[in-house]
Amino acid sequence: MNTTAIKELLYKMADDLLIIGHRNSEWTGLGPILEEDIAFSSMAQDKIGQSQALFQLLHELGEQEPDIVAFTRNAKQFHNAQFVELPNGDYDFSLMRHFLYDVADQLRFEMLANSSYEPLAKVARKIKGELKYHVFHANTWIVKLGSANEESKARMQTALNDAWNYALGLFEEGDFENDLKNEGVFAGEVALKQLWLETITPTLTKATLTIPHVNTWEPKLGGRQGIHTEHLEPLVEEMSEVFRVDPSAEW
Amino acid sequence: MIKSLDPRLTRENIEENNLIAPLTPMDNWETYEVFHQKKRGDQHMHVGIVHAPNPEMALLFGKEQYGRRSITANIWVVKTANVFASEYDDADMFETTPEKQYREAGGYKVMDKINKYKKANKA
């Protein structure tokens, strides 16, 4: 099996989860209402846990310990899509990103549940329930706010427009798409993107929101190669601040 | 501007004399009563309330508030406004006169009898 290809896949997935998990956790204590604050924080925690499971797989393939990988790299060494590093903005943007990202994440893990790389298939099957709740949460909010009143609809539509090209960047192809496909590890970003479009469209329609016209699509690429917006570096600094005080500390 | 140890708050550039707007009726959602079932076939037990704008969201929140820390098979949510309750002023109707205490379940020491029977049959 092509270990380099698998590592590339694991890194981008783990980094997406770690960074969006951290971003979403920035809402902890500041959420719009207590119940939602708890739910959103709990899901952020799930995401960090999921990233840890993937970093653990990387460790088994010869990479360093999960904490070292998560907290000692600089921004250029991260493989996350630019989408997940964008600041939270208002809750409308955070929810829209949660919806667009989490549906993609759930579909990706569904595809991987039958992967020929068994350790990853095992993780995918284990977290199935968590992902189901995350998508249930996202869908419920999107449909509710998309059709609640003029202001909420307008804000969700703006959030969708702002998020769209970044969301498309989630499906940036890597150098090993064919290896992963041929070896039955992962069916590839193109297939995932297609499935994602088919899945989000009915929900957005139900929410009376409109996907930007296809002529305007310009995926924000580069994240997978370490090209990031100016927002990632301060995030990484803040996220690893405590760890860097004493990397050898026992937690 | 408020400077906090919490970098998230500092970033918000909040004025020192920031006036917190009073709540309006729409700021608080209705409450739903949450009932939690441990495993299939068990009774659903009342565990508390959540605030939510509709039943779906009450389920969303109920799951995280009350289903996350223990084994859960199922959750029910019921709009608090739909619960028909007795009045505390009428609590005296639940009182029993001393001569009717035979009606109270506590009067039947069933467990004692069962244990006595088990013990007798074991010997």
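Residues numbered from 1 in each chain as written. Chains lettered and ligands numbered in written order. Predicted model: local features only at pLDDT ≥ 70, side-chain atom pairs only at ≥ 80, totals over all residues.

1. A short note on the overall build of chain B
Convention followed: Numbering goes from the N terminus for both helices and strands, where a helix is a DSSP run of H or I of at least four residues and a strand is a run of E of at least two. Here a residue counts as buried when 20 or more other C-beta atoms sit within 10 Å of its C-beta, as exposed when there are 12 or fewer, and as partly exposed otherwise, the C-beta atoms being derived from the backbone. Once C-beta atoms are placed from the backbone, any two residues with those atoms within 7 Å are in contact.
In terms of helices and strands, chain B carries three helices and three strands. For chain B, the sequential pattern of α-helices and β-strands runs α-β-β-α-β-α. Along the longest, intermediate and shortest principal axes, the C-alpha atoms of chain B span 80 × 40 × 30 Å. The 123 residues of chain B split such that 12% are buried. A sequence separation of at least 24 residues applies to 41% of the contacts in chain B between residues at least 6 apart.

2. Considerations on the overall build of chain A
Cut-off, in case you're wondering: Our radius of gyration is a C-alpha quantity, and the globule rule it is checked against amounts to 2.2 Å times the number of residues to the power 0.38.
Counting secondary structure elements, chain A contains eleven helices and zero strands. For chain A, the N- to C-terminal ordering of α and β elements is α-α-α-α-α-α-α-α-α-α-α. Its C-alpha atoms give chain A a radius of gyration of 18 Å, near enough to 18 Å, the size a compact globule of 251 residues would have. Projected onto its principal axes, the C-alpha coordinates of chain A cover approximately 55 × 45 × 35 Å.

3. Quick look at the environment of T140 of chain A
Here T140 of chain A lies in helix α7 (residues 128-146). Residue T140 of chain A is classed as partly exposed on the basis of its 17 C-beta neighbours within 10 Å. Here the alpha-carbon distance between T140 of chain A and T203 of chain A, two residues 63 residues apart in the chain, equals 9.3 Å. Ignoring any residue separated from it by four or fewer positions in sequence, one finds T140 of chain A in contact with E56, M57 and L60 of chain B.

4. Considerations on the sheet that holds strand β3 (residues 74-79) of chain B
Residue and element names in this part refer to chain B. Put simply, the rule reads: Should DSSP find at least two bridges between two strands, the strands are taken to pair. The angle between two axes is taken between their N-to-C directions and runs from 0 to 180 degrees, where each axis is a line fitted to C-alpha atoms and a helix contributes only its stretch in contact.
The antiparallel open sheet is built from three strands, whose spatial order is β2-β1-β3. Here the strands that pair on one side only, and so sit at the sheet edges, are β2 (45-52) and β3. Direction aside, the axes of adjacent strands within the sheet are offset by 30 degrees on average. Seen against the sheet, helix α2 (residues 55-66) touches β1 (30-37), β2 and β3 and runs at an angle of roughly 125 degrees to β2.

5. A short note on the interface of chain B and chain A
Quite often, the size of an interface is put as the accessible area lost when its parts meet. Here is the rule: Residue classes follow a fixed rule: Ala, Val, Leu, Ile, Met, Phe, Trp, Tyr, Cys and Pro count as nonpolar, while Asp, Glu, Lys and Arg count as charged, and any other residue, Gly among them, counts as polar.
Each partner contributes residues to the interface: chain B has 14 residues there, and chain A has 13 residues. Taken together, the elements giving at least two residues each to the side of chain B that touches chain A come down to α1 (7-11), β2 and α2 of chain B. In terms of residues, the side of chain B that touches chain A owes the most to one element, α2 of chain B, which gives seven residues. Residue classes in the side of chain B that touches chain A are distributed as six nonpolar, three polar and five charged.

6. Considerations on the nonpolar core
Most often, soluble globular proteins keep nonpolar side chains buried together rather than apart. To keep things clear, this is the line we draw: Put simply, a nonpolar core is a cluster of buried Ala, Val, Leu, Ile, Met, Phe, Trp, Tyr and Cys residues tied together by C-beta atoms within 7 Å.
In terms of nonpolar packing, the biggest core is built from 63 residues, with L100 and I142 of chain A touching the most fellow members. Looking at this core, the element that brings in the most residues is helix α1 (residues 3-25) of chain A, giving eleven residues. With sequence-adjacent residues up to four places away left out, L100 of chain A is seen in contact with A163, A167 and I200 of chain A. Grouped together as the second largest cluster of nonpolar side chains are 14 residues, F40 of chain A together with V34, V50 and L60 of chain B included.

7. Looking at the packing of helix α5 (residues 91-112) of chain A against helix α8 (residues 150-168) of chain A
All names here are of chain A. We apply this condition: What sets the label is the angle itself: under 35 degrees gives roughly parallel, over 145 gives roughly antiparallel, 65 to 115 gives roughly perpendicular, and the rest give oblique. The crossing is said to be left-handed when, going from far helix to near helix, the turn is anticlockwise and less than a right angle, and right-handed when the turn is clockwise.
At a minimum axis separation of 9 Å, α5 and α8 run at an interaxial angle of 50 degrees. Accordingly, the angle class assigned to the pair α5 and α8 is oblique. In this structure, α5 meets α8 at a crossing whose hand is right-handed. Residues D92, F93, M96, R97 and L100 of α5 form the contact with α8, whose own contacting residues are R155, M156, A159, L160, D162, A163 and A167. Of the residues in the contact of α5 with α8, the class split is eight nonpolar, no polar and four charged.

8. Description of α8 of chain A
Residues and elements named next belong to chain A. Rule in force here: Take the residue count of a helix, subtract one, and multiply by 1.5 Å to get its expected span. Bend, in this description, refers to the angle at a residue between axes fitted to the seven residues ending there and the seven starting there.
The terminal C-alpha atoms of α8, which comprises 19 residues, lie 27 Å apart, in line with the 27 Å expected from a rise of 1.5 Å per residue. Along α8, the largest kink reaches about 35 degrees and is centred on D162. Every buried residue of α8 is accounted for by M156, A159, L160, A163, W164, Y166, A167 and L168. Looking at the buried residues of α8, the elements they touch are α4 (82-85), α5 and α7.

9. Focus on the packing of helix α2 (residues 34-60) of chain A against helix α6 (residues 118-126) of chain A
All names here are of chain A. Interhelical geometry of α2 versus α6 gives an angle of 165 degrees and a closest axis separation of 11 Å. When the axes of α2 and α6 are compared, the pair comes out roughly antiparallel. Between α2 and α6 lies a crossing whose hand is right-handed. Across from A53, L54, L57 and E60 in α2, the residues of α6 making contact are P119, L120 and V123. Each residue belonging to the contact of α2 with α6 can be placed in one class, and the counts come to six nonpolar, no polar and one charged.

10. Notes on unusual backbone geometry
All names here are of chain A. Residues other than glycine seldom take positive phi values, yet T208 does so here, at roughly 55 degrees. Counting through the fold element by element, T208 comes out in the loop between α10 (189-206) and α11 (232-245). The class of T208 is exposed, set by 12 C-beta atoms lying within 10 Å.

11. Looking at the environment of Q194 of chain A
Residue and element names in this part refer to chain A. Relative to the assigned elements, Q194 resides in helix α10. On the neighbour-count criterion, Q194 (13 C-beta atoms within 10 Å) is partly exposed. In sequence terms Q194 and R97 are 97 residues apart; their C-alpha atoms lie 18 Å from each other.

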